[in-house]
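# Descriptive analysis of the structure
Residue strings, one per chain:
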Amino acid sequence: MDQPVSEGPEGHVHPGYMQRKDDYLRRMKRIEGQVRGIERMISEETYCIDILTQVSAVTKALQAVSLGLLDEHLSHCVLDAARADSPDADAKLHEASQAIARLVRS
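The model shown is predicted, which means the values in this text are computed figures rather than measured ones.

The rules behind the values
- Residues numbered from 1 in each chain as written.
- Predicted model: local features only at pLDDT ≥ 70, side-chain atom pairs only at ≥ 80, totals over all residues.
- Heavy atoms only, no water.
- Core = buried A, V, L, I, M, F, W, Y, C linked by side-chain atoms within 4.5 Å.
- Buried < 20%, exposed > 50% of the residue type's maximum accessible area, 1.4 Å probe, protein only.
- Helix = DSSP H or I, 4+ residues; strand = E, 2+ residues; numbered from the N terminus.
- Contact = heavy atoms within 4.5 Å.
- Patch = residues over 30% accessible without salt bridge, like charges linked within 9 Å, V, L, I, M, F, W, Y side chains within 5 Å.
- Areas by Shrake-Rupley, 256 points an atom, 1.4 Å probe, with all protein chains shown as cover.
- Salt bridge = Lys/Arg side-chain N within 4 Å of Asp/Glu carboxyl O.
- Phe/Tyr/Trp six-rings, centres within 6.5 Å; stacked < 30°, edge-to-face > 60°.
- Axes fitted to C-alpha atoms, helices over the stretch in contact; angles between N-to-C directions.
- Parallel < 35°, antiparallel > 145°, perpendicular 65-115°, else oblique.
- Left-handed = near helix turned anticlockwise from the far one by under 90°.
- Nonpolar A, V, L, I, M, F, W, Y, C, P; charged D, E, K, R; others polar.
- Expected span 1.5 Å × (residues − 1).
- pLDDT = per-residue confidence, 0-100.

Glancing now at the nonpolar core. Counting residues in hydrophobic clusters, the biggest one holds seven residues: Tyr24, Ile31, Ile38, Met41, Ile51, Val58 and Val65. Mapped onto this core, the elements with two or more residues apiece are helix H1 (21–43) and helix H2 (48–83). Ranked by residues supplied to this core, first place goes to H1 with four residues. Among all residues touching Met41, those that are not within four sequence positions of it are Thr46, Asp50, Ile51 and Gln54.

Let us look at a nonpolar patch on the surface. A contiguous nonpolar surface patch, about 220 Å² in accessible area, is contributed by Tyr17, Met18 and Leu69. Within the secondary structure layout, Met18 lies in the segment before H1. Residue classification places Met18 among the partly exposed positions, given a relative accessible area of 34%.

Another aspect to go through is the packing of aromatic side chains. Within this structure, the stated rule accounts for one aromatic pair. Considering the side-chain rings of Tyr17 and Tyr24, the 6.1 Å spacing of their centres and the 80° angle between planes classify their relative orientation as edge-to-face. Here Tyr24 falls in the buried class, since its relative accessible area comes to 5%.

Before going further, it helps to spend a moment on the packing of H1 against H2. Relative to each other, H1 and H2 sit at 160°, their axes nearing to 10 Å. As summarised for this structure, H1 and H2 are arranged roughly antiparallel, according to the angle between their axes. Every pair of crossing elements has a handedness; the one defined by H1 and H2 is left-handed. When grouped by side-chain class, the residues that make up the contact of H1 with H2 number 16 nonpolar, three polar and three charged.

Before going further, it helps to examine the environment of Thr53. Mapped onto the secondary structure, Thr53 falls in helix H2. With 15 residues separating them in the primary sequence, Thr53 and Ile38 have C-alpha atoms 9.7 Å apart.

What follows deals with the pattern of salt bridges. A complete count under the given rule lists five salt bridges for this structure. A salt bridge links Asp23 to Arg20, with the shortest nitrogen-to-oxygen separation between them at 3.9 Å. A relative accessible area of 32% places Asp23 in the partly exposed class. What makes Arg20 partly exposed here is its relative accessible area of 26%.

With 23 residues, H1 extends 33 Å between its outermost C-alpha atoms, agreeing within 8% with the 33 Å of an ideal straight helix rising 1.5 Å per residue. Buried within H1 we find Tyr24, Ile31, Gly37, Ile38 and Met41.

Once that is clear, we can look at the confidence of the model for the protein chain. In this model, the protein chain carries an average pLDDT of 87, and 88% of its residues clear a pLDDT of 70 or more. Here helix H3 (residues 88–105) stands out as the least confident element of the protein chain, with mean pLDDT 90; H1 is the most confident, with 97. Low pLDDT, under 50, characterises residues 1–12; the predicted model gives this stretch 22 contacts beyond four residues in sequence or across chains.

Right, here's the structure in full:
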């Protein structure tokens, strides 16, 4: 699974999650459905605690996507840059650190 980041047309570099892109898209569609369900619950004046339960489920689903993408970034983008002794390695590591800090704060 540790394939290097591939280069596409015009030198565009594909992100590390490309092998799991369809999985991520399916998860996001499912999350989108959950959010629409919450909207419907509010519209129908559903009991607050039931809505909060669904909000919690969406939050956990988004956190799972975030952690997966972070793992892909570390396993591919950061690792590949470090292996290649690329000048981008420090920048990619810094980006990952900032992303982790944002996830921890949220």
